[in-house]
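Tertiary structure, described
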Amino acid sequence: MGGSWYSYSVNHSSDEASTYYEYSQLTDSINSLSYPNYKEHIEEFNAIGIYENEYKLLKSGYYDPNNSLNNTALSLVASIQQEENVASIPGAAFGILSDIGGHFAVFDCYVLIILVFAAIVVTYIIFQKKKFIFFPIFYLVTAVAASTAVRYFYTDTDSLVYGIWLLLYMFLIFSFDFKEHNPPKKPSFMNMRRGPVFISGVLSICLFLSYCIVYQANLPSASSNKKPSSLYSEIDRHPERYYVLDPLTSEDYMKYTDNYTHPLWGFRSSFLSNVDYFGYYKSTDKLLSYNLSANIYEAVLSNNQIYVIDNYITYRKENYLEEHYAEEGANVVYKQVNEISKYKIYEVVTE
């Protein structure tokens, strides 16, 4: 509880931090469910300025705090999702079983702790000769009930459920009665009070190492032959140009990047120095340093050595700029000027 309040105070220390925190919470919630059907809620969306064109862009990750692509729209989407997916205790329990099945299908880190727990239960039953079998059954029932309660009342975040199973595992370790199997005249380390603590610590370390191995093995691989090296080089060769990524295109661009240097150092200092995108994380300072408008949408219309990289071009993006940022009667056109490593580069012009 104290940690939650500390997190809340830090994330509401300024208007910017509060807005970002709200955005993060909303997107985490939205991404766990499917987007609602626009036509079924057209009046609600229209009331806050979200029409079909804006809704398509909102789903694609576009964010514009100066217009309707903002936290208000995301809040409405999350609210509709919750109304359409009313939580129930049986539903929460079924959701947990479905998640467990999904984890087994890909054999990820969450499966590991379940298998370790099952192995410890078997060891416990053999070691204790079926005495106190009540404890593993009780712990298992408690874990399922706690996971269901967390999912129903709070969130379906896997990390919380994983924490419950890890706590369950620790309880079971401390339920072993090591003294019963030691001769009274030959005390051993198992006989000491530190014995269970030591064993639990060793197993925890082993579990952590196994977790890291499974996590690393399940990281999505990016084929090196698909990496847009030529595009990276082109952007590096032209620091005077400013490039703006479409949100979906940015996922591919970041996935194949070779600019990551070290877990402690992160990315090289010049990485993304002249690259921005239409999502939430826009760099106002970089825009101003290039003598561009602080608003990324106004900036792309300036045609001042600013280009859009977009592999998912649709007329909706041109329509959005026409409606909200172009002069009255002007037509906005994405004019392709280059294609490098199968990434299309556009100049946004008004006619």
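Please refer to the structure placed before this passage.
The following paragraphs examine the structure supplied in this document. Residue numbers restart at each chain and count upward from 1, following the sequence in its written direction. Whole-chain, interface and lining totals are the exception, using all residues; otherwise, since this is a predicted model, local features are given only for residues with pLDDT of at least 70 and side-chain atom pairs are given and counted only at 80 or more. Calculation of side-chain values draws on the structure's entire complement of heavy atoms; hydrogens and water are dropped beforehand.

Some details on the overall build of the chain
Condition: Starting at the N terminus, helices and strands are each numbered in turn, a helix being any DSSP run of H or I of at least four residues and a strand any DSSP run of E of at least two. Only protein chains enter the accessibility calculation, which uses a 1.4 Å probe; a residue is then buried when its area is under 20% of its type maximum, exposed when over 50%, and partly exposed in between. The criterion used for residue contact is that any of the two residues' heavy atoms lie within 4.5 Å.
Check the secondary structure of the chain and you find 15 helices and seven strands. Looking at the chain residue by residue over its 351 residues, the buried ones come to 36%. The contacts of the chain with a sequence gap of at least 6 include a subset with a gap of at least 24, amounting to 63%.

A word on the sheet that holds strand S5 (residues 306–309)
What counts here: Strands are treated as partners if at least two bridges between them are detected by DSSP. Orientation is described by lines fitted to C-alpha atoms, with helices fitted over the stretch in contact, and by angles between N-to-C directions that extend from 0 to 180 degrees.
If you walk across this open sheet you meet the five strands as S4-S1-S5-S7-S6, and the pairing is mixed. The open sheet is flanked by strand S4 (275–277) and strand S6 (332–340), the only strands paired with a single partner. Along the sheet, successive strands turn relative to each other by an average axial angle of 35°, direction set aside. Where S5 lies against strand S7 (residues 343–350), two bridges are found, and the strand directions are antiparallel. Looking at the pairing, Val 308 lines up with Tyr 346 of S7. On the sheet, helix H12 (residues 247–255) packs against strand S1 (242–245), S4, S5 and S7 and is oriented at approximately 105° with respect to S1.

With respect to the nonpolar core
Using the following cut-off: In this description, a nonpolar core means a group of buried Ala, Val, Leu, Ile, Met, Phe, Trp, Tyr and Cys residues linked to one another through side-chain atoms lying within 4.5 Å.
By size, the foremost hydrophobic cluster in this structure holds 40 residues, and its most contacted members are Phe 278, Val 300 and Leu 321. No other element matches the six residues that helix H5 (residues 71–84) contributes to this core. Excluding anything up to four places from it in sequence, Phe 278 contacts Gly 61, Tyr 62, Tyr 63, Val 244, Leu 245, Asp 246, Pro 247, Ile 296, Tyr 297, Val 300, Val 308 and Tyr 334. Residues Ile 113, Ile 114, Phe 117 and Trp 165 belong to the second largest nonpolar core, which totals 14 residues.

As for the side chain of Asn 71
Secondary-structure assignment places Asn 71 in helix H5. Taking the relative accessible area as the measure of exposure, Asn 71 reaches 6% and is therefore buried. Among residues more than four places away in sequence, those in contact with Asn 71 are Thr 19, Glu 22, Tyr 23, Leu 26 and Tyr 63.

Considering the packing of helix H2 (residues 15–30) against H5
For the record, the criterion: Handedness of a crossing follows from how the near helix is turned relative to the far one, being left-handed for an anticlockwise turn of less than a right angle and right-handed for a clockwise one.
The interhelical angle for the contact between H2 and H5, taken along N-to-C directions, is 35°, at an axis separation of 9 Å. The hand of the H2/H5 crossing is left-handed. Here Thr 19, Glu 22, Tyr 23, Leu 26, Thr 27, Ser 29 and Ile 30 of H2 come into contact with H5, specifically with Asn 71, Leu 74, Ser 75, Val 77, Ala 78, Gln 81 and Gln 82.

Note that all results are geometric; they support no functional claim without further evidence.
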